[in-house]
Amino acid sequence: MTIAQSAPAPLDVDAIRQEFPILHQDVRGKPLVYLDNAATTQKPLAVIDRLTEYYTTINANVHRGVHTLSQKATDAFESAREAVRSYLNAADDREVIFVRGTSEAINLVAHGYGRSRLEPGDEIIISAMEHHSNIVPWQMVCEETGAKLRVIPMTDSGELLLEEYARLLTPRTRLVSVVYVSNSLGTVNPVREITAMAHQAGALVMLDGAQAVQHLPVDVQELGCDFFAFSGHKLYGPTGIGVLWGRQEALEEMAPYQGGGEMIRTVTFEKTTYNDLPHRFEAGTPDIAGVVALEAALEWVSAVGLDRIAAHEADLVEYATTSLSFNRRVQLIGEAKERSSVVSFVMEAAHPHDIGTILDSEGIAVRTGHHCTQPVMDRLGIAATARASFAVYNTRDEVDALVSGVNKVAEVLG
Amino acid sequence: MDLRELYQDVILDHNRNPQNFGKPDASNRQADGHNPLCGDKITVYLTVEGDRVVDLHFDGVGCAISTASASLMTESLKGRSIGQIEELFEVFHQLVMGNADVMFDGPDLGKLVAFQGVSEYPMRVKCATLCWHTLNAAIESKQDTVTTE
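Residues numbered from 1 in each chain as written. Chains lettered and ligands numbered in written order. Predicted model: local features only at pLDDT ≥ 70, side-chain atom pairs only at ≥ 80, totals over all residues. Heavy atoms only, no water.

**Q** Please explain the sheet that holds strand β17 (residues 385-389) of chain A as it appears in this structure.
**A** Through backbone hydrogen bonds, the strands of a sheet pair up, either in parallel or in antiparallel fashion. Residues and elements named next belong to chain A. Spatial strand order, β13-β14-β17-β16: four strands in an open sheet with antiparallel pairing. A strand with exactly one partner marks an edge of an open sheet, and here the two such strands are β13 (330-333) and β16 (367-369). On average, adjacent strands in this sheet sit at an angle of 30 degrees to one another, irrespective of strand direction. Here β16 runs beside β17; their pairing, made up of three bridges, is antiparallel. Note that in β17 the partner of Gly369 across the bridge is Thr385. The sheet contacts of helix α11 (residues 306-325) involve β13 and β14 (342-347), and relative to β14 the element is tilted by about 15 degrees. (Pairing = 2+ DSSP bridges. Helix = DSSP H or I, 4+ residues; strand = E, 2+ residues; numbered from the N terminus. Axes fitted to C-alpha atoms, helices over the stretch in contact; angles between N-to-C directions. Contact = heavy atoms within 4.5 Å.)

**Q** Just checking my understanding: could you explain the interface of chain A and chain B for this structure?
**A** By convention, interface size is frequently given as the accessible area that disappears when the constituent parts associate. Each side of the interface is counted separately: chain A has 16 residues, and chain B has 19 residues. Here chain A meets chain B over a buried area of about 1400 Å², counting both sides, of which 56% is carbon and sulfur. Counting every contact that joins chain A to chain B gives one salt bridge. With a shortest N-O distance of 2.8 Å, Arg124 of chain B and Asp354 of chain A are connected by a salt bridge. Between the two partners, chain A and chain B, sit eight residue pairs in polar contact (both at pLDDT 80 or more). Breaking the side of chain A that touches chain B down by element, the ones donating at least two residues are α12 (352-360) and α14 (396-413) of chain A. With four residues, α12 of chain A is the single largest residue contributor to the side of chain A that touches chain B. By residue class, the composition of the side of chain A that touches chain B is five nonpolar, eight polar and three charged. (Buried area = accessible area lost by both parts, 1.4 Å probe. Salt bridge = Lys/Arg side-chain N within 4 Å of Asp/Glu carboxyl O. Polar contact = N/O pair within 3.5 Å; in protein donor to acceptor, adjacent residues only side chain to side chain. Nonpolar A, V, L, I, M, F, W, Y, C, P; charged D, E, K, R; others polar.)

**Q** How do you make sense of the sheet that holds strand β8 (residues 204-208) of chain A when you look at a structure like this?
**A** All names here are of chain A. The seven strands lie next to each other as β4-β10-β9-β8-β7-β5-β6, forming an open sheet whose pairing is mixed. Each edge of the open sheet carries a strand with a single partner, namely β4 (96-99) and β6 (148-152). In this sheet, adjacent strand axes meet at a mean angle of 20 degrees when their direction is disregarded. Against the sheet, helix α3 (residues 68-88) makes contact with β4, β9 (227-231) and β10 (242-246), and its axis sits at roughly 115 degrees relative to β4, the strand it touches most. Contacts from helix α5 (residues 136-145) reach β5 (123-127), β6, β7 (173-179) and β8, with the element oriented near 145 degrees to β6.

What follows is the structure, given as structure tokens:
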């Protein structure tokens, strides 16, 4: 029997919306149109219920007690670790470190790898479209160690210049850390190629997957990277929980990040020995409820299907891009060939903050500002953009609302 | 609240045609202001004689609220003493923070009353006050960039 290859079945978006209680409210007298998903997504009942269930039935500290609740909490916590391993297709669940979010994951690597391995003259490469959280930790570690930060430039349309990147790679390059999907431009970077080139030069690779895991299937073994970071709250999960995945050998080479409980094996006042992976990087009582609910989010996304989510979001981006370009005062920012679910734009004679306020008066939530990517704004010669970013529950009707809201901006500001 | 209470005609007019806009030929004090959150940048140029600000200009880039606020501020303060300006800033600040009752026992804000609607949009208060903070810095001749973050 053969199974025919076909496009994924379309989503029942109405049914999906029923699973998100927050969407069913009015904002400033209009139905909420939530288009700030790149900042954080809303949460389905499956995630909200899992949080409640955790606190109402099994809350206890993990990896400590011999009592029943502690065992149940530990099992739930470690089951989530396995769920993350499976979601990323990592080789081993000990490679999954729970952190607060992508920023903490990058700080952990910058600190753990950078401080113990970097020497004056060594180089770290990042790209022109990094979020501040993939710039500042490296600047800090460079300042401490005397290493240098190099930046892959990009084109006006928001694509990285790989030939320039090739020139930046030298025997001095120790680590390359780049964003998989840009939060301000939507560019999907060619991370497989970037990774292969770095490895050829003998450098490690870290990928910032904060805007990737909710839109694209991620297989860390297939990508070939050494570290991968993402945040739960952009993936329909709770805030305050995220993941650092690292290849076992790469993690084992790193110094511990924070000291405290859980990360130790033995402590005396003279000497402390550290625990094994993953616990040596998880000092203190973790966000157990967040971890447990993150598993619910991963289950939910997998049940809906990333391929169907991606197809739906691609349709919305295409529809929004086309509809907005009929307004001749709108200029789209970020026109890379490979893009994910972000539409960034500026308008003639309307500052993004005015656009944001006027859209809010129509119940439409978009992000305005530099999106924590000030170097991107400087590179493109703009102060800020308005950004609509889509998720599984958004509809074409909501794009229509956005477009009429944008038309209203011109009306109000004259 | 209706959007028109924020974007009143006088604000829209001053946004489209800002007064006292551009670097003047002569001034004796100036300061830069920056709101890193939204990228607004402003420079305020003053001519101060004795304790009186006889001329004010500004340039920079900003949203409608920030541009109109700077335009109306420069227009309203010309010829006033530094003491009067400090008093007016205090009243203006209370106005945009939503403490409108102070208007009745403070100095007359005149056209600046148009910014009352800003108090309903807490995220936009800094847009309206950036030019005033920068003005303060110029009066005190602090040459460092002022920031509202």
